[in-house]
Amino acid sequence: MHFKSATTGVATKTMRNELNRLVNTVSDSATKKAFDTEMQSFFYLFTRYLAERAQSHELDWDRIKSPSADKVVPYDQLPDITDPKSLNKLAVLKVNGGLGTSMGMTGAKSALEVKNDMTFLDLTVRQIEHLNTTHRVDVPLILMTSFNTHEDTLRIIKKYANQQVRITTFNQSRYPRINKETLLPCPKTAEDDKGKWYPPGHGDLYNALVHSGVLDQLLAEGKEYLFVSNSDNLGAVVDHKILHHMVTSGAEFIMEVTDKTKADVKGGTLIDYDGSIQLLEIAQVPSEHVEDFKSVRKFKIFNTNNLWINLKALKRIMESDGMELEIIVNPKVTDDGQQVIQLETAAGAAIKHFKSAHGINVPRSRFLPVKSCSDLLLIKSDIYSLAHGELVINENRLFGTTPVIKLGDHFKKIAQFQKRFKKIPKIIELDHLTVTGDVYFGRNVTLRGTVIVVANEGQRIDIPDGCVLENRLLSGNLTMTEL
């Protein structure tokens, strides 16, 4: 313990010196001041990380309980009321810092075309414009970008100049990656290569709202509520029932949760810890309890990251004690093979700081993220149509659930996905699709029931134009004529 404390002291001092040196590489005084503020926030997070590491600070698993019934309200019990007046007090924020790297993209993920030649951002703008014109209100759209997506986003939003939506952008913090061995910052100057820095997760939202001046701007405009969601979640549309519930219940923070399926076992969940409601992320779970955490029996719900926040309460909290959000340590390996760590936080973890905070168990339709090309196939298909930028499930779909789609590594990147589907198949009657290997789909293909297509190593399968596959397993080396 003494050894750990001593090394913590040295690491703290060395980091402080290094950050001062970084700040001194900025010559412009205004830029320097903003950068210094950012490095102060980072240093605070770093010292907390060291202190927790020295104390081996871990959750006591036996004190974790499922939240009580009053802490998770069922969505279908909310009164069906729309009150346009409260919409005037609302702002919508999209977390827009992500790059679609896992899908082979280089720019902002929100610029990906997902439906009818429209991007994530197009759909969001369309939704809010419809809200504003229908109810004659002024709900602004705020985009929290990262240093990776900021320029891209500013370029993209120029095309919305004539829409009935006010768009504000602000940049979340940029923190230095930490060398795992030395615990020193990777960048040597403030202008150092992008790969030396990282955006510290969506939990940085609260700090960034304050430092950017956007929180004060919203309050000055008379906005009282903020609806936050990820820009790639196409189910996260403004919901009148939830807004009305927030206004009437006096809750300062609401987290939308939904029932877990096998696909969501890693999602963060709400817990009761010593009588207070908290968010538990898989990264915080001791390794011997990871299977418990994934169990659908004990933790039936997970966080969609659709959050409703009372702005006056947020201002009060940030001005008094601020927020201490649980630190998530994200280990990475840089392009040149160096082991680094990123200290991140989750926006939902703020729930413990607000009064009367609780969860609402919403339908799965409010959680439609596009994290992979398998998700993209579902969204682009005839399962969904669009109404004012909102996804609507096709009325001809007989089942309430959407099909399970698993595309293999050959479909991992957007460019490959686009090359392998001449046109998106008709899947209105599909239950399950698995595709692995070198497979190509022609035009006007129909898939029904359970379809499994497996091209083994060195083989290729071409599914011809107009082909109908119903409850079929295809494997081997098939050409068009054999189907």
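Residues numbered from 1 in each chain as written. Predicted model: local features only at pLDDT ≥ 70, side-chain atom pairs only at ≥ 80, totals over all residues. Heavy atoms only, no water.

The name given to the protein in an unreviewed UniProt entry is UTP--glucose-1-phosphate uridylyltransferase, with Somion occarium as the source organism. Under Catalytic activity (unreviewed entry), UniProt gives the following word-for-word description of the protein: "alpha-D-glucose 1-phosphate + UTP + H(+) = UDP-alpha-D-glucose + diphosphate". Under Sequence similarities (unreviewed entry), UniProt gives the following word-for-word description of the protein: "Belongs to the UDPGP type 1 family." (UniProt positions renumbered as here; feature names shortened; annotations may be inferred.)

(A) Examining helix 8 (residues 240-249) more closely. Here helix 8 lies mainly inside the structure; seven of its 10 residues are buried. The set of residues buried in helix 8 consists of H240, K241, I242, L243, H244, H245 and M246. For helix 8, the N-terminal cap is D239; the gap from its side-chain oxygen to the backbone nitrogen of K241 is 2.9 Å. Looking one or two residues past helix 8, G250 carries a phi angle of roughly 75°, positive in sign. (Buried < 20%, exposed > 50% of the residue type's maximum accessible area, 1.4 Å probe, protein only. Helix = DSSP H or I, 4+ residues; strand = E, 2+ residues; numbered from the N terminus. Polar contact = N/O pair within 3.5 Å; in protein donor to acceptor, adjacent residues only side chain to side chain.)

(B) Region of the structure containing the pattern of salt bridges. Under the definition given, this model contains 25 salt bridges. If you follow the salt bridges from partner to partner, you end up with R48, E52 and E324 in one network. (Salt bridge = Lys/Arg side-chain N within 4 Å of Asp/Glu carboxyl O.)

(C) Spotlight on the layout of surface pockets. In this model, the second largest pocket occupies a volume close to 1100 Å³. As for the second largest pocket, its lining consists of 32 residues, and the residues nearest its centre are R364, F367, L368, L378 and T402. If you list the elements that add at least two residues to the lining of the second largest pocket, you get helix 11 (373-380), strand 20 (390-393) and strand 21 (404-407). The residue inventory of the lining of the second largest pocket, partitioned by class, reads 16 nonpolar, eight polar and eight charged. (1 Å grid on protein atoms, 1.4 Å probe; cavity = no way out; pocket = protein on both sides within 12 Å on 5 of 7 lines; lining within 4 Å. Points joined across faces, edges and corners; volume = space filled by probe spheres on them. Nonpolar A, V, L, I, M, F, W, Y, C, P; charged D, E, K, R; others polar.)

(D) Main features of empty space enclosed by the protein. Scanning all chains against the criterion turns up one cavity of 30 Å³ or more. K94, F120, L123, T124, Q127, S231, N233, L234 and A236 are the residues that line the largest cavity. Of all the elements, helix 4 (residues 120-135) adds the most residues to the lining of the largest cavity, at four residues. For the lining of the largest cavity, the per-class residue count stands at four nonpolar, four polar and one charged.

(E) Structural detail: the sheet that holds strand 17 (residues 339-344). Taken in spatial order, the three strands line up as 9-17-16 in an open sheet, and their pairing is antiparallel. Both outer strands of the open sheet, strand 9 (178-179) and strand 16 (328-333), are each paired with one neighbouring strand and no more. Relative to strand 17, strand 16 is paired through six bridges, and the arrangement is antiparallel. Across the sheet, residue I328 finds its bridge partner in strand 17, namely E344. Here helix 2 (residues 29-54) sits on the sheet in contact with strand 9, strand 16 and strand 17, set at roughly 105° to strand 17. (Pairing = 2+ DSSP bridges. Contact = heavy atoms within 4.5 Å. Axes fitted to C-alpha atoms, helices over the stretch in contact; angles between N-to-C directions.)

(F) Here's a closer look at unusual backbone geometry. One non-glycine residue, N305, adopts positive backbone phi at about 70°. With respect to the helices and strands, N305 occurs in strand 15 (residues 301-310). Exposure remark for N305: the relative accessible area of 6% places this residue in the buried category. If you check the backbone angles, S356 has positive phi at about 55° while not being a glycine. On the secondary structure map, S356 appears in the loop between strand 17 and strand 18 (358-361). The exposure class assigned to S356 is partly exposed, which follows from its relative accessible area of 46%.

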